[in-house]
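# Architecture at a glance
Chain by chain, the residues run as shown.
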Amino acid sequence: GQPALLLAVCGTVQGAGHPATGVNDFFVLRREGDALAAAASAHMLEFGSAGSPGEVDAERFGADLYGFVVESGFYNMGQSVQTQHVVLPKGDGFVDAGWFRESLGNEDWMEGCRERGDCGPVKAFDIDFELDIDDSDAAAAAYPLRVTESGTACGKPADAQYRLTLDPATMTYAVPAALQREGCTTDAG
């Protein structure tokens, strides 16, 4: 309801190993007289991998609701996993409003196991999940998220759409298990 500045300060942890996250501080700053004051803040939230904080983008999530999409992921032994978190202000802080995959793939691992002849029951997957913030009702307090799944999942087309709505009481999205899976299906089959 009043002008504000959305700010993310991202920190890299030097010398961190692969599973270590980076850190992010998030702020909503409002003018108080001649200065800026934090109307909401969160410190040392952990995102990313290998000590990196991930990629942070400011986005509009409602008529007067702004927050961040934090993208992070890792590549290990021929498999890649990319994840997106939606971080929104709530009260005088921020909340991780929900996370879902951005992409999943094991093509490099499959290439290696084919060369060795030891793939066993594991099947290939290469799946993308595209996020779209549905602002078709520009006056809505919270815009729904649309996530479109495409690619290949264990020899079958990955072709699905999901609509996520925000619960204003908790400031979180109900994310289905299919968007948080590790492989072709929710049981990683």
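Residues numbered from 1 in each chain as written. Predicted model: local features only at pLDDT ≥ 70, side-chain atom pairs only at ≥ 80, totals over all residues. Heavy atoms only, no water.

## A look at the pattern of salt bridges
Counted only if it meets this: Salt bridges are counted wherever a side-chain nitrogen of Lys or Arg sits within 4 Å of a carboxyl oxygen of Asp or Glu. The numbering of helices and of strands both runs from the N terminus, where a helix is a DSSP run of H or I of at least 4 residues and a strand a run of E of at least 2.
Here the structure, examined in full by the defined rule, presents six salt bridges. For Glu149, the salt bridge identified is with Arg181, shortest N-O distance 2.5 Å. Of this pair, Glu149 sits in strand β9 (residues 145-153) while Arg181 is found in the segment after β13 (172-173), placing the two residues 32 residues apart along the sequence. Within the structure, one salt-bridge network assembled from shared partners comprises Asp132, Asp134, Arg146 and Arg163.

## Overview of the sheet that holds strand β1 (residues 5-11)
Condition: Whether two strands pair depends on DSSP finding at least two bridges between them. Helix axes use the C-alpha atoms of the stretch in contact, all axes being lines fitted to C-alpha atoms, and the angles between their N-to-C directions lie in the range 0 to 180 degrees.
In space, the three strands of this open sheet follow the order β1-β2-β3, with antiparallel pairing throughout. The open sheet is flanked by β1 and β3 (35-47), the only strands paired with a single partner. Neighbour to neighbour, the strand axes of the sheet diverge by 20 degrees on average, direction disregarded.

## A few points about unusual backbone geometry
For residues besides glycine, phi is generally negative; the peptide bonds are generally trans as well. Defined as follows: Remark: exposure states derive from per-residue accessible area (1.4 Å probe, protein chains only) relative to the maximum for the residue type, with buried under 20%, exposed over 50%, and partly exposed in between.
Backbone geometry at Ala50 places phi at a positive 55 degrees, although glycine is not the residue there. Checked against the element boundaries, Ala50 lands in the loop between β3 and β4 (55-62). The exposure class assigned to Ala50 is partly exposed, which follows from its relative accessible area of 42%. Phi is positive for Met171, which is not a glycine, with a value near 60 degrees. When its relative accessible area of 12% is taken as the criterion, Met171 is described as buried.

## Observations regarding the side chain of His85
Here is the rule we go by: In protein, a polar contact means a hydrogen-donor-capable atom and an acceptor-capable atom, both N or O and within 3.5 Å, with residues adjacent in sequence counting only if both atoms are side-chain atoms; elsewhere, any N or O pair within 3.5 Å suffices. Any pair of residues with heavy atoms lying within 4.5 Å of one another is described as a contacting pair.
With respect to the element layout, His85 can be found in strand β6 (residues 79-90). Exposure remark for His85: the relative accessible area of 14% places this residue in the buried category. Side chain to side chain, His85 and Asp96 meet in a polar contact 2.7 Å long. Setting aside its immediate chain neighbours within four residues, His85 contacts Phe47, Phe68, Val69, Val70, Asp96, Gly98 and Trp99.

## Points about the packing of aromatic side chains
So the rule is basically this: Stacked, edge-to-face and tilted are the three classes for Phe, Tyr and Trp ring pairs, Trp counted by its six-membered ring, which pair at centre distances within 6.5 Å; planes under 30 degrees apart are stacked, over 60 edge-to-face, the rest tilted.
Evaluated as defined, the whole model comprises four aromatic pairs. When the ring of Phe26 is compared with that of Phe68, the centres are 4.8 Å apart and the planes differ by 35 degrees; the resulting orientation is tilted. Of this pair, Phe26 sits in strand β2 (residues 22-32) while Phe68 sits in strand β5 (residues 65-76); the two residues are 42 residues apart in sequence, bridging distant segments of the chain. Considering the side-chain rings of Phe68 and Phe94, the 6.2 Å spacing of their centres and the 40 degrees angle between planes classify their relative orientation as tilted. Here Phe68, found in strand β5, pairs with Phe94, found in strand β7 (residues 93-105); they are 26 residues apart in sequence, far enough to count as distant. In this structure, Phe68 and Phe94 share a single accessibility class: buried. Here a set of aromatic residues connected by ring pairs shows up, and it is made of Phe26, Phe47, Phe68 and Phe94.

## Notes on helix α1 (residues 107-116)
Note the cut-off: Throughout, the arc means that of the directions going from the helix axis to the C-beta atoms.
All of the buried residues in α1 are Met110, Gly112 and Cys113. Taken end-on, α1 shows its buried residues confined to a sector of 160 degrees, consistent with a single buried face. For α1, the exposed residues lying more than 90 degrees away from the buried face are Arg114 and Glu115. Once α1 finishes, Gly117 follows within two positions and takes phi at roughly 75 degrees, a positive value.

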